[in-house]
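Structural overview
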Amino acid sequence: MTIQEELASLIKNDVLIEIEDYIDELFEIIAAKKEDERTKEELSSMQEMRDDFNAMLQDIEDDAIDNEEAKEIIEEINEMRKED
């Protein structure tokens, strides 16, 4: 498995699933009319993050991400996930 394939797998099988789950939680809060402005901002931010990761998947498919960049992105994702 190439480093790009590893990155794509991490994004598809972990990151996007976690983002979608969180977006669903935010929609549930909004549907229950318990949201505040922060919730709406967080929803917007998470949707933007999801779009960014989907664009990254397209870049991987288009072979626009090299090994070094893929390694850096994986490290950043792992750091981000540790903080949660």
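Up top you'll find the structure we're talking about.
About the criteria used
By convention here, each chain's residues receive numbers from 1 onward along its written sequence. Where local features are concerned, this predicted model is filtered to residues with pLDDT of at least 70; where side-chain atom pairs are given and counted, the filter is 80 or more; whole-chain, interface and lining totals use all residues. Only heavy atoms go into the side-chain values, all of them from the structure, while hydrogens and water stay out. In DSSP terms, a helix is any run of H or I states spanning at least four residues, a strand is any run of E spanning at least two, and both are numbered starting from the N terminus. Three exposure classes are used, based on accessible area relative to the maximum for each residue type with a 1.4 Å probe and protein chains only: buried under 20%, partly exposed in between, and exposed over 50%. We call two residues in contact whenever any of their non-hydrogen atoms come within 4.5 Å of each other. Like-charged residues within 9 Å of one another, or nonpolar side chains (Val, Leu, Ile, Met, Phe, Trp, Tyr) within 5 Å, are grouped into patches, provided each residue has over 30% relative accessible area and no salt bridge. Each accessible area is a Shrake-Rupley estimate made with a 1.4 Å probe; only the visible protein chains count as cover when residues are assessed. Salt bridge, as used here, is a side-chain nitrogen of Lys or Arg placed within 4 Å of a carboxyl oxygen of Asp or Glu. Positive residues here are Lys and Arg, negative ones are Asp and Glu, while His and the chain termini are left out of the count. Every charge is mapped onto a representative atom, which is NZ of Lys, CZ of Arg, CG of Asp or CD of Glu.

What follows concerns unusual backbone geometry. A positive phi angle, close to 60 degrees, is found at K33, a residue other than glycine. Position of K33 relative to the elements: it lies in the loop between α1 (3-31) and α2 (37-61). Of the residues examined, K33 reaches a relative accessible area of 72% and is grouped as exposed. Even without being a glycine, D63 presents a positive backbone phi close to 60 degrees.

A few words now on the environment of V15. Take V15: it is sitting in helix α1. Accessibility expressed as a relative area gives 3% for V15, which makes it buried. For V15 and F53, which are 38 residues apart along the polypeptide, the C-alpha to C-alpha distance reads 8.3 Å. The contact partners of V15, leaving out residues within four places of it in the chain, are L10, F53 and I77.

Let us now look at a negative patch on the surface. On the surface, a cluster of negative charge is contributed by D59, E61, D62, D63, D66, E68, E69, E72, E75 and E76. With respect to the element layout, D63 can be found in the loop between α2 and α3 (67-83).

Let's shift gears to the pattern of salt bridges. What the rule picks out here adds up to 5 salt bridges. Of the charged contacts in the structure, one is a salt bridge between D14 and R81, with a shortest N-O distance of 3.9 Å. With D14 in helix α1 and R81 in helix α3, the pair connects residues that are 67 residues apart, well separated along the chain. Taking the relative accessible area as the measure of exposure, D14 reaches 29% and is therefore partly exposed. Taking the relative accessible area as the measure of exposure, R81 reaches 29% and is therefore partly exposed. A salt bridge links E79 to K82; its shortest N-O distance comes to 3.6 Å. With E79 and K82 both in helix α3, this residue pair falls 3 residues apart, about one helical turn. With a relative accessible area of 42%, E79 lands in the partly exposed category. Among the residues examined, K82 registers a relative accessible area of 63% and is labelled exposed. Taken together, the salt bridges that share partners define one network made up of D14, E18 and R81.

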